[in-house]
Protein chains: 2
Amino acid sequence: MTVTEAAAERLVRIGEVARSAGVSVRAVRYYEQQGLLTAERSPSGQRLYRQDTVTLVRFFQQMFAAGLTSRRIAELLPCWDTGHTDAEQRSMLRAERDRIQAKVDDLQAALDRLDEVIAVTDTHP
Amino acid sequence: MTVTEAAAERLVRIGEVARSAGVSVRAVRYYEQQGLLTAERSPSGQRLYRQDTVTLVRFFQQMFAAGLTSRRIAELLPCWDTGHTDAEQRSMLRAERDRIQAKVDDLQAALDRLDEVIAVTDTHP
DNA sequence: CTGAAAGCTGACACCGACGTCAGAGGCAAG
DNA sequence: CTTGCCTCTGACGTCGGTGTCAGCTTTCAG
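None of the values given here were measured: they were computed from a predicted structure. (Residues numbered from 1 in each chain as written. Chains lettered and ligands numbered in written order. Predicted model: local features only at pLDDT ≥ 70, side-chain atom pairs only at ≥ 80, totals over all residues. Heavy atoms only, no water.)

### Things to note about the pairing of strand S3 (residues 47–50) of chain A
Residue and element names in this part refer to chain A. As paired elements, strand S1 (residues 11–13) and S3 share three bridges and run antiparallel to each other. If you follow Leu 11 over to S3, its bridge partner there is Arg 50. Sheet analysis places strand S2 (residues 40–41) next to S3, joined by two bridges and oriented antiparallel. Residue pairing across strands places Arg 41 opposite Arg 47, the latter belonging to S3. Remark: five residues form the turn of the hairpin made by S2 and S3, two consecutive strands paired antiparallel; Gly 45 in that turn has positive phi of roughly 100°. (Pairing = 2+ DSSP bridges. Helix = DSSP H or I, 4+ residues; strand = E, 2+ residues; numbered from the N terminus.)

Here it is, written out as structure tokens:
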């Protein structure tokens, strides 16, 4: 086994990526269309992904859950890939962070209100 | 001033409700359409709301922000109005509560990841 | 009286992350 | 060869809270 062969990543098809990451095949294609993923192609045209794509997809899901759009994620991807950021990216990062924090506070407030009601409705059957 | 007159609420039109609650007129009409609000009508057909409608609308906004749909809110409204709940409503309340709590946890995790990146990109300009 | 501002109904547009269907090709097993 | 599963492209559908436009009536201030 040569160094080159050892370094060669085992490539996986879209179905395996989707299953491993817990999303649909459609979703993975969508991410590629939005510029979040790149894939090699087999001679017949099938997408071939690196294994760590699964981690990336899980990360996307987390960011989606936090309310980031695919556009924003695409704009911030270089921060992860290269670890380098310009002023605009740093400001976007902070903006998203603040937005999420505000959302957490809103949700917590809503949670408190629901808990009040639950407490009342439990003592007043 | 009779007791009846004192008890008669001052009714406000949709524009004032919207402004006071910080939403659009369109939104208020939508809430009514979804069964979240009821309004009297003036002889000419204009909607007339009670003053506490403003509080109610703000509450709707908070629930929307927490991810409840107008349908769910409508189903749970009696819990607020009457303070009485049946088993189904109590289970819905708990389900929503748990869903929001999970969402808070997700957001917090996303927040932590963003903060990591921010920390890195600040020390590595 | 008159014009601006506000209200009414009804209906179509929008966003964003997918679901879903159609029609066609690829690939290993029996 | 066939069967069955996977993959491809392309395109339209979905949901939910609102924006928005059209066309008409009501209200209010000057």
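Past the structure itself, the notes keep going.
### As for the UniProt feature "domain: HTH merR-type" (unreviewed entry) in chain A
What UniProt calls "domain: HTH merR-type" (unreviewed entry) maps, in this numbering, to residues 11–79 of chain A. This span, residues 11–79 of chain A, is 58% helix and 13% strand, and a straight line between its end C-alpha atoms measures 25 Å. (UniProt positions renumbered as here; feature names shortened; annotations may be inferred.)

### What to know about the environment of Ala 39 of chain B
Residue and element names in this part refer to chain B. By the element assignment, Ala 39 lies in the loop between helix H3 (25–33) and strand S2 (40–41). For Ala 39, a relative accessible area of 23% puts it in the partly exposed group. Sequence-distant contacts of Ala 39, defined by excluding residues within four places in its chain, comprise Glu 32, Arg 47, Leu 48 and Tyr 49. (Buried < 20%, exposed > 50% of the residue type's maximum accessible area, 1.4 Å probe, protein only. Contact = heavy atoms within 4.5 Å.)

### Considering the sheet that holds strand S1 (residues 11–13) of chain B
Residues and elements named next belong to chain B. Across the sheet, three strands lie side by side as S1-S3-S2; this open sheet has antiparallel pairing. A single partner strand is all that each edge strand has here, and the edge strands are S1 and S2. Where helix H2 (residues 14–21) meets the sheet, its contacts fall on S1 and strand S3 (47–50), and the angle it forms with S1 comes to roughly 85°. (Axes fitted to C-alpha atoms, helices over the stretch in contact; angles between N-to-C directions.)

### Concerning the relation of the copies chain B and chain A
A rotation about some axis, followed by a shift along it, carries one copy of the chain onto the other. Expressed as a screw operation, the relation of chain B to chain A combines 0.0 Å of axial shift with a rotation of 180°, fitting to an RMSD of 0.1 Å. The transformation relating the two chain copies, once decomposed into turn and shift, fits a two-fold axis. In terms of C-alpha distance to the rotation axis, chain B has Val 104 of chain B as its closest residue, with the C-alpha 2.9 Å off the axis. Taken as a fraction of all interface residues of chain B, those also at the interface in chain A reach 100%, which identifies the copy contact as same-surface. (Least-squares fit on C-alpha atoms with pLDDT ≥ 70 in both.)

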